[in-house]
Every structure is written in structure tokens, then in C-alpha cells.
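Secondary and tertiary structure notes
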Amino acid sequence: VQLQASGGGLVQAGGSLRLSCAASGRTFSNYAMGWFRQAPGKEREFVAAISRSGGGYTYYADSVKGRFTISRDDAKSTVWLQMNSLKPEDTAVYYCAAAGITYKSPSILSYSDTKTYAYWGQGTLVTVSS
């Protein structure tokens, strides 16, 4: 599956952005999806994940819980990350990813692991100014 992330940009602290990730190539509804981010000089970190169609779960990193919302529309083969109350520490390149593993007992531990994901988008830069 090919993933194309977009929607990044420069925003002031307290502002909002909505990232989009458009998928193509395979049946999008079969894949759990995740968002990760990587700040300069830091490792890639988990942001949020959403189950495949019918799974009914979402997971969030503690640092974004209550501020970010992940959602998907299988008819549009798109996953979004709505980011509100942005902080300078949210500055990073954001990547969307499609899971290559389906877990019988999903958990945040499994879906926050980069090894779960087989397909990655190219990243979109989010810069939050103070």
C-alpha cells in the first residue's frame, strides 16, 4: 500500500492542524493505521493508532491524549490526525503508517511499536512556534 501524508505547516502554539494520509494500492479497510513523529535529533515516536475496519479502538500517546484525534474513512482510503492545542514540543515530521500485523489481542504496546507497521508515508513537517 502507498501512503501520502499531507497537511503539515507552521502554526502558533495553541493552534490546530489536520493531517491527512491518503492510501492507495490495496484494500485500506484491512489495515490498522498509525501516526508517528520524529523531532530533530530524536527517535521516531508513537502518536496515535486506529484499528482496521470494525475493530473499534484507538490508542494515543500520553503526550497527545486529549489534544489529538485519529480517525479514518475507509470509503476515502484516508486517515486523519486532528491536532488541537498544539505546543512547540509537537514540532516534528509526522509519518503515517499501515500495520503489517494483525493482533488477536491488540494493545497500545503492540500498535506503538514501529515494527508493527509495514508501510510508511513520506512524512509531513509540523512546526509549532511559541
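Quick notes on the rules
- Residues numbered from 1 in each chain as written.
- Predicted model: local features only at pLDDT ≥ 70, side-chain atom pairs only at ≥ 80, totals over all residues.
- Heavy atoms only, no water.
- Buried < 20%, exposed > 50% of the residue type's maximum accessible area, 1.4 Å probe, protein only.
- Helix = DSSP H or I, 4+ residues; strand = E, 2+ residues; numbered from the N terminus.
- Pairing = 2+ DSSP bridges.
- Polar contact = N/O pair within 3.5 Å; in protein donor to acceptor, adjacent residues only side chain to side chain.
- Contact = heavy atoms within 4.5 Å.
- Core = buried A, V, L, I, M, F, W, Y, C linked by side-chain atoms within 4.5 Å.

1. A word on the pairing of strand 11 (residues 124-129)
Because side chains alternate across strand 11, one face comprises the buried residues Thr-124, Val-126 and Val-128, and the other comprises Leu-125, Thr-127 and Ser-129, none of which is buried. Across four bridges, strand 2 (residues 9-12) lies against strand 11 in parallel orientation. Residue pairing across strands places Gln-12 opposite Ser-129, the latter belonging to strand 11. Pairing of strand 9 (residues 92-99) with strand 11, which is carried by three bridges, proceeds in the antiparallel orientation. If you follow Val-93 over to strand 11, its bridge partner there is Leu-125.

2. Brief notes about the side chain of Arg-72
Structurally, Arg-72 is set in strand 7 (residues 68-73). Separated by 2.7 Å, the side chain of Arg-72 and the backbone oxygen of Tyr-31 make a polar contact. Setting aside its immediate chain neighbours within four residues, Arg-72 contacts Phe-28, Ser-29, Tyr-31, Ala-32, Met-33, Ile-50, Ser-51, Arg-52, Ser-53, Thr-78, Val-79 and Trp-80.

3. Structural notes on the nonpolar core
By size, the foremost hydrophobic cluster in this structure holds 41 residues, and its most contacted members are Met-33, Trp-35, Leu-81, Met-83 and Tyr-94. A per-element tally of this core places strand 9 first, with six residues.

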